[in-house]
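# Structure at a glance
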Amino acid sequence: MPGHVAQKISPHLLETLAQDVEVYLVTGTNGKGSTIAFLSVADNLGQERCLCNVLRSNMLNGMVTSFVMESGAFEKSPKKIAFLECESSLPIVLRKVKPAGILVNNLFLDQADRYRGVEQLMGLLRDSIQTVPDAVLFLNADDPRVVSLAEGLPNERHWFGSDVALSGCSEYDGMSCPRCGTVLEYGLHMLGHLGHWRCPTCGFARPEPESRIAAFRYVSYLECDVASPAGSRTYRVAYGQSAVLHNVLAAHVLWRAVGGDSDELAMGIVAHSLKEAR
């Protein structure tokens with residue numbers, strides 16, 4: 001409601017408030033809220049102050065509300081950063097905000113029906129991203145739809161993914177190559193259509209990720225090792241199945257992109273997951 005009222009008073013408020021802010025958008029179908037929540041708690045534990053739309057409202061009104069209510073977090077911060085969950089509102093948001101980066105986590109069919117199908121959603125995202133060629137893309141290499149989405153875009157891109165299967169799902173035989181329509185081959189399956197994939201006909205294949213989940217374990221909690229050019233880091237999650245580790249990896253990628261301390265993120269992930277597990 002604050003965002004709705006604020007825009008009635010000042011229709012260009014978001015452009016004004018975000019003018020000097022380094023904005024990173026998180027989009028896709030699943031895991032956006034968890035990724036933003038991990039980043040938000042890490043921010044609260046650290047020295048830097050970031051803005052996150054943790055109100056679970058990823059439409060334009062929710063983003064404006066977050067800026068209005070949390071902009072005070074920037075007052076003592078030398079660097080203004082915002083992590084925003086965004087979905088179908090992406091075209092509208094990109095007309096108002098020029099992000100430093102966009103992360104696309106995954107594109108699942110079970111959520112894409114809200115957009116009349118996954119192809120329509122992919123088209124919406126691709127057309128939107130084409131308007132911001134300077135934005136850095138952070139993309140899930142395990143998802144052939146996400147990889148296909150980025151084809152032909154001039155943006156700088158960084159891939160992330162998993163070296164290990166994150167769930168005990170059975171073989172998935174419904175994913176066709178986005179290029180030629182041939183059924184994809186998988187060397188490793190994760191969740192649904194995610195995995196190490198390759199088209200036997202046209203050669204379209206999973207890119208090599210820069211940041212990746214190298215290993216994971218179940219102890220009294222869920223633990224994973226993330227390897228990246230900056231080194232390796234172990235994260236612990238107190239709830240959920242192993243699929244949540246893709247969201248941990250996404251948070252790691254964005255947190256490192258802004259120079260965040262990995263110790264702060266590790267503490268933030270534990271703190272948020274303990275709260276969710278109660």
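Residues numbered from 1 in each chain as written. Predicted model: local features only at pLDDT ≥ 70, side-chain atom pairs only at ≥ 80, totals over all residues. Heavy atoms only, no water.

## Some thoughts on the environment of Gly-33
Tracing the backbone through its elements, the reader meets Gly-33 in helix H3 (residues 32-45). Overall, Gly-33 belongs to the buried group, its relative accessible area being 14%. The spatial distance from the C-alpha of Gly-33 to the C-alpha of Leu-84 is 9.4 Å, given a sequence separation of 51 residues. (Helix = DSSP H or I, 4+ residues; strand = E, 2+ residues; numbered from the N terminus. Buried < 20%, exposed > 50% of the residue type's maximum accessible area, 1.4 Å probe, protein only.)

## Digging into helix H9 (residues 245-257)
Owing to its 3.6 residues per turn, the α-helix brings residues three or four apart onto one side. Relative to the 18 Å expected for 13 residues at 1.5 Å per residue, H9 spans 18 Å between its end C-alpha atoms, a close match to the ideal helical length. Taking burial as the measure, the 13 residues of H9 include 11 buried ones, the bulk of the element. Along H9, the residues classified as buried are Leu-245, His-246, Asn-247, Val-248, Leu-249, Ala-250, Ala-251, His-252, Val-253, Leu-254 and Trp-255. Of the residues trailing H9, Gly-259 is marked for its positive phi of about 80°. (Expected span 1.5 Å × (residues − 1).)

## Considering the nonpolar core
Ranked by internal contacts, the top residues of the largest apolar core, which has 42 residues, are Leu-25, Phe-67, Leu-84 and Ile-102. Among the secondary structure elements, those contributing two or more residues to this core are strand S1 (22-27), helix H4 (60-70), strand S3 (81-85), helix H5 (90-96), strand S4 (101-104), helix H7 (118-129), strand S5 (136-140) and helix H8 (144-149). If you tally residues by element for this core, the top one is H7, at five residues. Core analysis: the next-biggest nonpolar cluster, separate from the first, contains 33 residues, Val-244, Ala-250, Ala-251 and Ala-266 among them. (Core = buried A, V, L, I, M, F, W, Y, C linked by side-chain atoms within 4.5 Å.)

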